[in-house]
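Structural description and commentary
Here is what each chain is made of, one letter per residue.
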Amino acid sequence: MKVVFMGTPEFSVPVLESLVKHHEVIAVYTQPARPAGRGNKLIPSPVQQKAESFGIPVFTPISLRKGTASDEFAALNADIAVVCAYGLILPKKVLEAPKKGCINIHASLLPRWRGAAPIQRAIEAGDKETGITIMQMDEGLDTGDMLLKGIVEITPETTASTLHDALSQKGAELIIQALEENPTPQKQPEEGVTYAEKIQKSEAYIDWFMDAEKIKNKIMAFNPYPAAHFIYRGERIKVFNAVVEKTTSKAPVGEVLDSNLLIACRGGTALRLTELQREGKKKMSAEDFLKGFELKKGKNIAV
RNA sequence: CGCGGGGUAGAGCAGUCCGGUAGCUUGCCAGGCUCAUAACCUGGAGGUCGUGAGGUUCAAAUCCCACCCCCGCAA
């Protein structure tokens with residue numbers, strides 16, 4: 001089958017690889033290279049880099065609505081387009097161009113977590129499971145008919161980082177299955193619709209006046225990006241991993257309860273920080289962190 | 001030329017401004033002490049101070065030059 005692939009970040013790369021293995025990928029669409037990172041150098045998207053290594057023609061239009069972009073797309077005469085975290089809205093003209101239309105790989109169990117940040121929002125909300133939905137695209141935001149679903153478990157150890165990789169892998173498997181089996185499209189239920197708002201950097205600041213469980217979920221959801229953090233002695237400390245623990249302490253919120261980073265949170269709940277990072281330093285275990293950073297029992301990090 | 005921090009013992013850091021015997025915490029090894037603790041005490045091993053048969057100097061982790069690598073911010 002002649003497939004056009006549309007995707008941009010690391011998440012979509014395994015999907016592209018999987019498609020290349022099983023089908024004829026005739027073109028790849030991705031976001032144009034933008035200045036990024038230190039030095040603001042122009043960095044091609046991960047998908048573009050991978051596509052070029054395969055020698056597949058890459059298209060990087062700024063928009064599909066304007067100019068001749070949609071005509072170019074139609075001229076490819078594809079059987080189907082597979083879209084995964086592309087980052088551009090597909091106009092009707094594009095959606096209808098391939099013989100079998102456009103199908104999307106979405107990182108949630110629709111209709112829950114439609115939108116931009118389904119992986120992070122599922123963890124943040126404390127969901128016990130999430131997954132991948134393969135769907136036929138229509139003009140709405142993740143509203144198309146569903147073709148296939150795959151469930152992935154969320155455990156207390158799951159971070160956005162590990163879940164990202166697991167879902168990416170799952171997506172790469174399911175898309176092949178969907179293309180082979182050609183399942184019957186099913187309408188999305190009207191019940192249970194939620195939206196996964198884009199992550200704002202300002203959300204990453206840790207408010208210790210919340211339940212430990214909620215803070216923990218945020219920490220896991222924001223690992224690795226944008227990384228939940230607090231400010232202590234004027235320095236930003238990022239927290240990448242934490243464990244909720246029981247405590248009988250009535251210490252004020254933000255107080256360090258022992259010599260190993262157990263922090264008092266709201267209503268007598270407590271959170272042990274287990275992986276952190278100082279400015280300019282690498283991510284490290286709490287053990288290593290404490291060897292060079294004094295944060296003793298009795299201090300308060302919420303002030 | 002976007003802004004900035006860093007590379008020193010296995011690990012995490014101080015020392016660099018103001019050049020003069022390589023330090024701290026932890027880990028490791030040996031021994032001691034204790035009803036007991038991540039307890040405490042004593043001794044010990046472990047370092048080309050990122051690289052350069054670079055520059056300056058009587059003397060460089062420290063000052064100068066070049067390069068490599070890691071990271072934070074912004075985007």
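About the thresholds
Residues numbered from 1 in each chain as written. Chains lettered and ligands numbered in written order. Predicted model: local features only at pLDDT ≥ 70, side-chain atom pairs only at ≥ 80, totals over all residues. Heavy atoms only, no water. Near = heavy atom within 4 Å. Polar contact = N/O pair within 3.5 Å; in protein donor to acceptor, adjacent residues only side chain to side chain. 1 Å grid on protein atoms, 1.4 Å probe; cavity = no way out; pocket = protein on both sides within 12 Å on 5 of 7 lines; lining within 4 Å. Points joined across faces, edges and corners; volume = space filled by probe spheres on them. Helix = DSSP H or I, 4+ residues; strand = E, 2+ residues; numbered from the N terminus. Nonpolar A, V, L, I, M, F, W, Y, C, P; charged D, E, K, R; others polar. Domains from an automatic or database assignment. Patch = residues over 30% accessible without salt bridge, like charges linked within 9 Å, V, L, I, M, F, W, Y side chains within 5 Å. Areas by Shrake-Rupley, 256 points an atom, 1.4 Å probe, with all protein chains shown as cover. Salt bridge = Lys/Arg side-chain N within 4 Å of Asp/Glu carboxyl O. Buried < 20%, exposed > 50% of the residue type's maximum accessible area, 1.4 Å probe, protein only. Pairing = 2+ DSSP bridges. Contact = heavy atoms within 4.5 Å. Buried area = accessible area lost by both parts, 1.4 Å probe. Lys, Arg positive; Asp, Glu negative; His and termini not counted.

The next point concerns the protein's contact with RNA strand B. Every one of the 19 residues lining RNA strand B counts as a neighbour, but G37, G39, K281, K282 and D288 are closest to it. Backbone atoms, meaning sugar and phosphate, make up 49% of the atoms of RNA strand B lying within 4 Å of the protein. The contact in question runs from a base nitrogen of RNA strand B to an N or O atom on the side chain of S259, over 3.2 Å. Between RNA strand B and K281 there is a distance of 3.0 Å, counted from a sugar or linking oxygen to a backbone nitrogen or oxygen.

With that settled, consider the layout of surface pockets. Here the largest pocket is characterised by a volume of approximately 1500 Å³. Taken together, 42 residues make up the lining of the largest pocket; nearest its centre are A85, G87, G115, A116 and A117. Breaking the lining of the largest pocket down by element, the ones donating at least two residues are β7 (102-106), α5 (118-124) and α6 (160-181). Partitioning the lining of the largest pocket into residue classes produces 23 nonpolar, 11 polar and eight charged. Of the residues that make up the lining of the largest pocket, three or more belong to each of domain 1 (2-195) and domain 2 (201-291). Within this model, the second largest pocket holds a volume of roughly 270 Å³. What lines the second largest pocket is a set of 17 residues, among which T155, P156, E213, K216 and N217 lie closest to the centre. By residue class, the composition of the lining of the second largest pocket is seven nonpolar, five polar and five charged.

Residues L141, V193 and Y195 make up a contiguous nonpolar surface patch of roughly 260 Å² in combined accessible area. Mapped onto the fold, Y195 is located in strand β11 (residues 195-196). Take Y195: its relative accessible area is 41%, and that puts it in the partly exposed class.

Spatially, the seven strands line up as an open sheet ordered β5-β2-β1-β6-β7-β9-β10, and their pairing is mixed. Both edges of this open sheet fall to β5 (58-59) and β10 (146-153), since each of them pairs with a single strand only. One ladder, built from two bridges, connects strand β2 (residues 24-29) with β5; its direction is parallel. When the sheet's bridge partners are listed, Y29 is paired in β5 with F59.

Once that is clear, we can look at the pairing of strand β13 (residues 235-245). With five bridges connecting them, strand β12 (residues 228-232) and β13 associate as antiparallel partners. Across the sheet, F230 pairs through a bridge with I237, a residue of β13. Hairpin connection between β12 and β13: a loop of two residues separates the two successive antiparallel strands, and R233 in this loop has a positive phi of roughly 50°. Relative to strand β15 (residues 270-277), β13 is paired through seven bridges, and the arrangement is antiparallel. If you follow V239 over to β15, its bridge partner there is L276.

It is worth spelling out unusual backbone geometry at this point. At the junction of L110 and P111, the peptide bond is cis and its omega measures out at 15° in the coordinates. Residue position: P111 is located in the loop between β7 and β8 (114-115). Here the residue pair Y225 and P226 is connected by a cis peptide bond, since its omega of 0° sits within 30 degrees of zero. Examined against the element boundaries, P226 turns out to sit in the loop between α7 (212-221) and β12. Phi at W113 takes a positive value of approximately 60°, unusual for a residue other than glycine. As for its placement among the helices and strands, W113 is situated in the loop between β7 and β8.

Glancing now at the domain arrangement of chain A. If you check the domain split of chain A, you get domain 1 (2-195) and domain 2 (201-291). Summarising the inter-unit geometry, the C-alpha centres of domain 1 and domain 2 are found 33 Å apart. Opposite the 12 residues of domain 1 that make contact, domain 2 presents 11 residues. Both sides of the domain 1 and domain 2 interface together cover about 800 Å² of buried area, and 53% of this is carbon and sulfur. At the boundary of domain 1 and domain 2, one finds one salt bridge. For the interface between domain 1 and domain 2, the tally reads five residue pairs in polar contact (both at pLDDT 80 or more). Looking at the side of domain 1 that touches domain 2, the elements that each hand over two or more residues are α5 and α6. Per-element tally for the side of domain 1 that touches domain 2: the top contributor is α5, with four residues. For the side of domain 1 that touches domain 2, the per-class residue count stands at four nonpolar, five polar and three charged.

So, about the side chain of D142. Counting through the fold element by element, D142 comes out in the loop between β9 (129-136) and β10. The buried charged residue D142 lacks any salt bridge, with R114 as its nearest oppositely charged partner at 6.6 Å. Of note is the side chain of D142, whose polar atom sits 2.7 Å from the backbone nitrogen of G115. With residues up to four places along the chain from it excluded, the contact list for D142 reads N104, H106, L110, R114, G115, M135 and Q188.

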